[in-house]
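Letter by letter, the chains look like this.
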Amino acid sequence: MKVFKIILSLLLAIIACLLIFFSINALDLSALLKEIVPLETMQQDAGLEKAVKRINDCLADGNQNRALRSLNRLLDDYPDKVHLDVQTKLDLFFYRNNKVMLTLGVYVLFFSAALAVSAFLKQQKHQTAVLVAILVASLYAGIYIVEDLVGVNSMLMTVLKKGAIYALLAVSMNLLNGFTGLFSLGQAGFMLVGAYTYAIFTIENTSRAQVYQYYQGGLVQFTLPTLVAILLAGLAAAFFAFLIGLPVLRLKSDYLAIATLGFAEIIRAVLQYDGLGRITNGSNLLRKFTTFNTALFPFAVSGICIALIALLIHSTYGRSFKAIRDDEVAAEAMGINLFVYKQLAFVISSFFAGIGGALLAMYQTTVQAAAFTSAMTYEILLIVVIGGMGSISGSILASFLFIASSEWWLRFLDNVTYIGTFKVPFFRSGFRMVVFSVIIMVVVLFYRKGIMGDKEFGLKSLMEPRKGGKRRG
Amino acid sequence: MADSMLKLNNITMQFGGVIAVDDFSIVVKQNEIVAIIGPNGAGKTTAFNCVTGIYPPTSGQVFFENRLIVSNYPNKKMKALYAGGNKNFPKEKVCLTPDKITRLGMARTFQNIRLFKSQTVFENVLIATHLHQKCNLFSAVFRLNHQQEQAARKHAMDMLEVVGLLEVKDELATSLPYGQQRRLEIARALATKPKMLLLDEPAAGMNPQETAELAQFIRQIKERFRLTVLLIEHHMDLVMSISDRIYVLDFGRLIAHGTPEQVQDDPKVIAAYLGEDEE
């Protein structure tokens, strides 16, 4: 087994090195162009010369994607003029898939290294760590490659981006509702605080006059780095949670839900208040703040946050949260200070809700308080319930399924469709939500405790039985 | 007084018009097993709840190791009722929450078993070790408290071994049979490393043989952990066999106290349990 692993890892390492070698040594496009379009043919055709020049111009501007598109058009337009043999075809392939090959190469190299390391590890615990590292690396490498293949703005990537953000929001809500047993409906409020804090502090200084055009260019006149602003968004939400928690957490179940729901509505109204306009831009949009383009960013931030929450839940603090959920009186008799621990869970949950809100703002590229209605809270609550109260992996799974079906898979139900001349009944705008509701009802009927219940989809199913496996989005 | 572990001074608990516990005073000395008995509704569990801080008594004080842990006195109209003409009627109010009282070293079990339902047997005991883990959030999340955690796990395993539940440690707590659930509650209480153990009807629902085993078990843990035990019980066999002293409550009032033999022969106790002759 050990020898086999080492040989396999060596083989993989060689493949990885080849991949990296070829991707680094791929000819650049201008050199490639000289091969494909020989000088004499180019001089015979003015159109061709123009096309080649366009590609070179694009390259000079550093716009690789446009250069590639122009190249494709050139290949389509002048199929008989270009000179394509096996060698140039291969070079072209390497050039086009440069990024993918490099990623794949680095990933395979990592994989082989992990495999080699695992061959020498004896302890089960370390083996698990290596496996987790491999899975995480696969996930991120996979996203990077898929994104390169299908394009950043494709539906798949949109769903993945939004799904990752909702996964964080759902897990943070699960920490409170599922693990600590506090039924809070203030999620949208904390997201809103996070989203606004983030947006306000990252609007470009040059755009502030334009964004705050009704409020003399706004009060905040500096821009924070993205990650600092995200952290600040979480802290702002946590601070609000701390203040609200002082009175509200003395309430139980339904009353707590109503009080937190009330808070979410109040904060939404306050942020639209004209008097705060120089900070919050009144009821107008906040825009032109730093956003992300690649799905790797939300995946990285949510992944780290969810991992932190998972670590927390498996720590002694997490055990205390679960004890409070199961039996408050007994938990208190075991020396757990109810108020302190409820407050802690509330603040931590809100911290991550704030970060989720900031990510959502980045995803939407604009943010407006009016959009953060209680319906948003219910959406997340729905994900938590479908995924299973008290299951991190359930929340993650459910949020991707939820976003995929609401944004993508059920879209066709909204379009008026003809099969031949037969108009399919009911297919019109809004029908999607009807079907969606029915699906949710069915899920809740047949999986009363959600898809995962309070179990985790762990490494348990991948390896021999052992506890403590965590998965992430 | 030096070796007094727990002292209740004139505890009265009034729920509206009902006086559940009326002017109840007891002293429990170190290393003693003391029982509170009485017919149903005599106010035994209410007295327990006052001691462990679940609710403050209407009036009275509780000392634990000569430290005042609970003290409450009524105000306004109620004060006139309770204090009467007494000008030195105390006013101080102390009411530690149950978690603080547990921290001082008093652990309890519950009459209607209160286990953490969704957790395994082992996790139930592990939660109770939280009390002795001194780590902040950061070190807990990033596992910097590794050694403490290991020690806590070992301690929890030891406790399970003491109560003989080691074989079922990975089962769901609520899937255990009744008697084992009771033992698990005791294990959980022991895991907080208490000086004093309060047992609320530990033998409820047990057959005579199980009760005899329990008596043996309580004596055993008392010796092993140098505990002081205060228990409420209905089973006379159990109470008579293990208690050093017994307090008898009826309708909230203390009607007798003494050694098992003294209490057994007390006519008031017999009357309370069997009913008085009509004649």
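The structure this text deals with has already been given above.
A brief report on the enclosed structure follows. Predicted model only: the values in this text are computed from it and were never measured.

On to the packing of aromatic side chains. This structure, assessed with the given rule, holds 21 aromatic pairs over all chains. The structure contains a cluster of three or more aromatic residues connected by ring pairs, namely Phe-21, Phe-22, Phe-93 and Phe-94 of chain A. Lying across the ring of Phe-339 of chain A, Arg-250 of chain A places its NZ or CZ 4.4 Å from the centre. In this arrangement the basic side chain of Arg-114 of chain B is found over the ring face of Phe-110 of chain B, its NZ or CZ atom lying 5.6 Å from the centre.

Residue and element names in this part refer to chain B. Read across the sheet, 5 strands follow the order β2-β1-β4-β5-β6 without closing on themselves; strand pairing throughout is antiparallel. Lying at the two open borders of the sheet, with one neighbouring strand each, are β2 (18–29) and β6 (94–95). The strands touched by helix α1 (residues 44–51) are β1 (4–15), β2, β4 (59–64) and β5 (67–72); relative to β1, the strand with the most contacts, the crossing angle is about 115°.

Let's shift gears to unusual backbone geometry. A positive phi is found at Phe-426 of chain A, a non-glycine position, where the angle reads about 70°. Within the fold, Phe-426 of chain A resides in the loop between β2 (422–423) and α21 (431–446). The exposure class of Phe-426 of chain A is exposed, given its relative accessible area of 54%. You will see that Lys-193 of chain B, though not glycine, has its phi angle at about 50°, which is positive. Assignment of secondary structure puts Lys-193 of chain B in the loop between α7 (178–190) and β8 (196–200). Its relative accessible area of 46% is what places Lys-193 of chain B among the partly exposed residues.

Moving on: the nonpolar core. By size, the foremost hydrophobic cluster in this structure holds 163 residues, and its most contacted members are Leu-286 and Val-367 of chain A together with Leu-184 and Leu-197 of chain B. Per-element accounting of this core gives the leading share, 15 residues, to helix α18 (residues 338–364) of chain A. Residue assignment places this core across two domains, with domain 1 (1–105 + 195–279) and domain 2 (113–193) of chain B each supplying three or more. Apart from residues no more than four positions distant in its own chain, Leu-184 of chain B is found in contact with Leu-115, Val-121, Asn-124, Val-125, Leu-160, Leu-165, Ala-173 and Leu-176 of chain B. Counting residues in each nonpolar core, the second largest holds 30 residues, with Met-5, Phe-24, Met-106 and Leu-230 of chain B among its members.

Moving on: the state of the cysteines. In the structure shown here, the tally under the stated rule is 0 disulfides over all chains. Sulfur of Cys-95 of chain B: no disulfide; nearest cysteine sulfur belongs to Cys-50 of chain B and is 9.1 Å away.

Attention shifts here to the sheet that holds strand β10 (residues 245–250) of chain B. Residue and element names in this part refer to chain B. Read across the open sheet, the 6 strands follow the order β7-β8-β9-β3-β10-β11; overall the sheet is mixed. The open sheet has two edge strands, β7 (106–108) and β11 (253–258), and neither has a second partner. Direction aside, neighbouring strands of the sheet carry axes that sit 15° apart on average. Sheet topology note: the β8/strand β9 (residues 228–232) ladder contains 5 bridges and is parallel. The residue bridging Leu-197 from the neighbouring strand is Val-229, located in β9.

On to the pairing of strand β3 (residues 33–37) of chain B, then. Residue and element names in this part refer to chain B. Among the 5 residues that make up β3, 5 are buried, leaving the element largely enclosed by the rest of the structure. Residues Ile-33, Ala-35 and Ile-37 of β3 are buried on one face, and the alternating residues Val-34 and Ile-36, pointing to the opposite face, are buried as well. Here β3 pairs with β9 via 4 bridges, running parallel. Counted as the bridge partner of Ala-35 is Leu-231 from β9. Two strands pair when backbone bridges link them, and β3 and β10 are joined in this way by 4 bridges, in the parallel orientation. Within the sheet, the bridge partner assigned to Val-34 lies in β10 and is Arg-245.

Residue and element names in this part refer to chain A. A contiguous patch of positive charge, built from Lys-50, Arg-54, Arg-66, Arg-69 and Arg-73, is present on the exposed surface. The element best represented in the positive patch is helix α5 (residues 64–77), accounting for 3 residues. Residue placement: Arg-66 occurs in helix α5. In this structure Arg-66 comes out as partly exposed when scored by relative accessible area, which is 42%.

Our focus in this paragraph is the interface of chain B and chain A. Of the residues lining the interface, 35 residues belong to chain B; the matching set on chain A comes to 29 residues. It is Phe-116, His-130 and Leu-137 of chain B in chain B that bury the most area against chain A; as a group they hold 22% of the surface buried on that side. For the pair chain B and chain A, the interface holds 2 salt bridges. Of the charged contacts in the structure, one is a salt bridge between Arg-319 of chain A and Glu-149 of chain B, with a shortest N-O distance of 3.0 Å. On inspection of chain B and its partner chain A, the count reaches 13 residue pairs in polar contact (both at pLDDT 80 or more). Listed by contribution, the elements that provide at least two residues to the side of chain B that touches chain A are α3 (98–104), α4 (121–128), α5 (137–141) and α6 (146–163) of chain B. Top element by residues in the side of chain B that touches chain A is α3 of chain B. It accounts for 5 residues.

Each value, and the rule that gives it
- Residues numbered from 1 in each chain as written.
- Chains lettered and ligands numbered in written order.
- Predicted model: local features only at pLDDT ≥ 70, side-chain atom pairs only at ≥ 80, totals over all residues.
- Heavy atoms only, no water.
- Phe/Tyr/Trp six-rings, centres within 6.5 Å; stacked < 30°, edge-to-face > 60°.
- Lys NZ or Arg CZ within 6 Å of the ring centre and 35° of its normal.
- Pairing = 2+ DSSP bridges.
- Helix = DSSP H or I, 4+ residues; strand = E, 2+ residues; numbered from the N terminus.
- Contact = heavy atoms within 4.5 Å.
- Axes fitted to C-alpha atoms, helices over the stretch in contact; angles between N-to-C directions.
- Buried < 20%, exposed > 50% of the residue type's maximum accessible area, 1.4 Å probe, protein only.
- Core = buried A, V, L, I, M, F, W, Y, C linked by side-chain atoms within 4.5 Å.
- Domains from an automatic or database assignment.
- Disulfide = S-S within 2.5 Å.
- Patch = residues over 30% accessible without salt bridge, like charges linked within 9 Å, V, L, I, M, F, W, Y side chains within 5 Å.
- Areas by Shrake-Rupley, 256 points an atom, 1.4 Å probe, with all protein chains shown as cover.
- Salt bridge = Lys/Arg side-chain N within 4 Å of Asp/Glu carboxyl O.
- Lys, Arg positive; Asp, Glu negative; His and termini not counted.
- Charge placed at Lys NZ, Arg CZ, Asp CG, Glu CD.
- Buried area = accessible area lost by both parts, 1.4 Å probe.
- Polar contact = N/O pair within 3.5 Å; in protein donor to acceptor, adjacent residues only side chain to side chain.

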